[in-house]
Amino acid sequence: QVQLVESGGGLVQAGGSLRLSCAASGRTFSSYAMGWFRQAPGKEREFVAGISWSGGSTDYADSVKGRFTISRDNAKNTVYLQMNSLKPEDTAVYSCAAKIGGLRIWVGVNPRDYPYWGQGTQVTVSS
């Protein structure tokens with residue numbers, strides 16, 4: 001069983017920055033591929049960013065490329081999402097997800113790829 005807890009959400013003005021954290025349980029975090037997804041009211045959950053278990057591969061949604069950065073610290077069992085130049089359309093509940101194992105370079109972009117999910121953290125960007 002993998003437990004994920006997100007933190008770092010909040011209210012920020014457009015153009016500002018936030019860093020989300022996702023702390024994972026388990027002694028094999030280094031074997032978890034991790035993803036960040038978001039869901040705005042009335043919309044479907046969408047992929048934001050992902051990182052392979054090796055850390056060697058990352059992927060981003062086109063809407064956040066150049067603004068968001070995903071990273072991981074295996075010593076702290078934590079994955080981060082640094083969000084810069086935030087826009088009102090980034091407002092959503094952000095959730096992290098985990099998948100154990102897989103190919104070294106695998107990054108999942110589909111929510112169905114991930115069996116484990118956190119509860120989410122609200123990010124609100126005001127104009």
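Quick caveat, the model's predicted, so the values are computed rather than measured. (Residues numbered from 1 in each chain as written. Predicted model: local features only at pLDDT ≥ 70, side-chain atom pairs only at ≥ 80, totals over all residues. Heavy atoms only, no water.)

Explain the overall build of the protein here, please?
From N to C terminus, the protein includes 0 helices and 11 strands. In the protein, the succession of α and β elements from N to C terminus is β-β-β-β-β-β-β-β-β-β-β. Scaling as 2.2 N^0.38, a compact globule of 127 residues should have a C-alpha radius of gyration of about 14 Å, and the protein matches this with 13 Å. In terms of overall dimensions, the protein has C-alpha extents of about 40 × 25 × 25 Å along its principal axes. Within the protein, buried positions represent 43% of all 127 residues. Long-range pairs, those at least 24 residues apart, make up 60% of the contacts in the protein with a sequence separation of at least 6. A total of about 6500 Å² of accessible surface is found on the protein, and carbon and sulfur atoms cover 47% of it. (Helix = DSSP H or I, 4+ residues; strand = E, 2+ residues; numbered from the N terminus. Rg over C-alpha atoms; globule rule 2.2 N^0.38 Å. Buried < 20%, exposed > 50% of the residue type's maximum accessible area, 1.4 Å probe, protein only. Contact = heavy atoms within 4.5 Å. Areas by Shrake-Rupley, 256 points an atom, 1.4 Å probe, with all protein chains shown as cover.)

Sorry if this is basic, but what is going on with the packing of aromatic side chains here?
The relation between two aromatic rings is expressed through the spacing of the ring centres and the mutual angle of the planes. Overall, the coordinates contain 6 aromatic pairs when judged by the stated rule. For the ring pair Phe 37 and Tyr 114, a centre distance of 5.5 Å and an interplane angle of 75° mean the geometry is edge-to-face. Of this pair, Phe 37 sits in strand 4 (residues 32-39) while Tyr 114 sits in the loop between strand 9 (92-100) and strand 10 (116-117), and the two are 77 residues apart along the sequence. In this pair, the class of Phe 37 matches that of Tyr 114, namely buried. With a centroid separation of 5.8 Å and an interplanar angle of 45°, the aromatic rings of Trp 106 and Tyr 114 are classed as tilted. The class of Tyr 114 is buried, set by a relative accessible area of 4%. By the ring-pair criterion, three or more aromatic residues cluster together here, those being Phe 37, Phe 47, Trp 106, Tyr 114 and Trp 117. Above the ring of Trp 117, the side-chain terminus of Arg 45 is found at 4.0 Å from the ring centroid. Sitting over the face of the ring of Trp 106, Lys 99 holds its NZ or CZ atom 5.5 Å from the ring centroid. (Phe/Tyr/Trp six-rings, centres within 6.5 Å; stacked < 30°, edge-to-face > 60°. Lys NZ or Arg CZ within 6 Å of the ring centre and 35° of its normal.)

Could you clarify how one ought to interpret the nonpolar core in this entry?
Taken as a class, soluble globular proteins show a tendency for nonpolar side chains to be buried jointly. Core analysis: the biggest nonpolar cluster contains 33 residues, and Met 34, Trp 36, Leu 81, Met 83 and Tyr 94 have the highest contact counts within it. Looking at this core, the elements with two or more residues in it are strand 3 (18-24), strand 4, strand 5 (46-51), strand 7 (68-73), strand 8 (78-83), strand 9 and strand 11 (121-126). No other element matches strand 9, which puts 5 residues into this core. Excluding residues within four positions of it along the chain, Leu 81 makes contact with Leu 18, Arg 19, Leu 20, Trp 36, Val 48, Ala 49, Phe 68, Thr 69, Ile 70 and Tyr 94. (Core = buried A, V, L, I, M, F, W, Y, C linked by side-chain atoms within 4.5 Å.)

So what exactly am I meant to see when it comes to the pairing of strand 7 here?
On any regular strand, side chains alternate: one points to one face of the sheet, the next to the other face. Burial along strand 7 is one-sided: the residues Phe 68, Ile 70 and Arg 72 are buried and none of Thr 69, Ser 71 and Asp 73 is. Pairing of strand 7 with strand 8, which is carried by 6 bridges, proceeds in the antiparallel orientation. What sits directly across from Thr 69, in strand 8, is Gln 82. Here strand 7 folds back onto strand 8 in antiparallel fashion, the turn holding 4 residues, of which Asn 77 has a positive phi close to 50°. (Pairing = 2+ DSSP bridges.)

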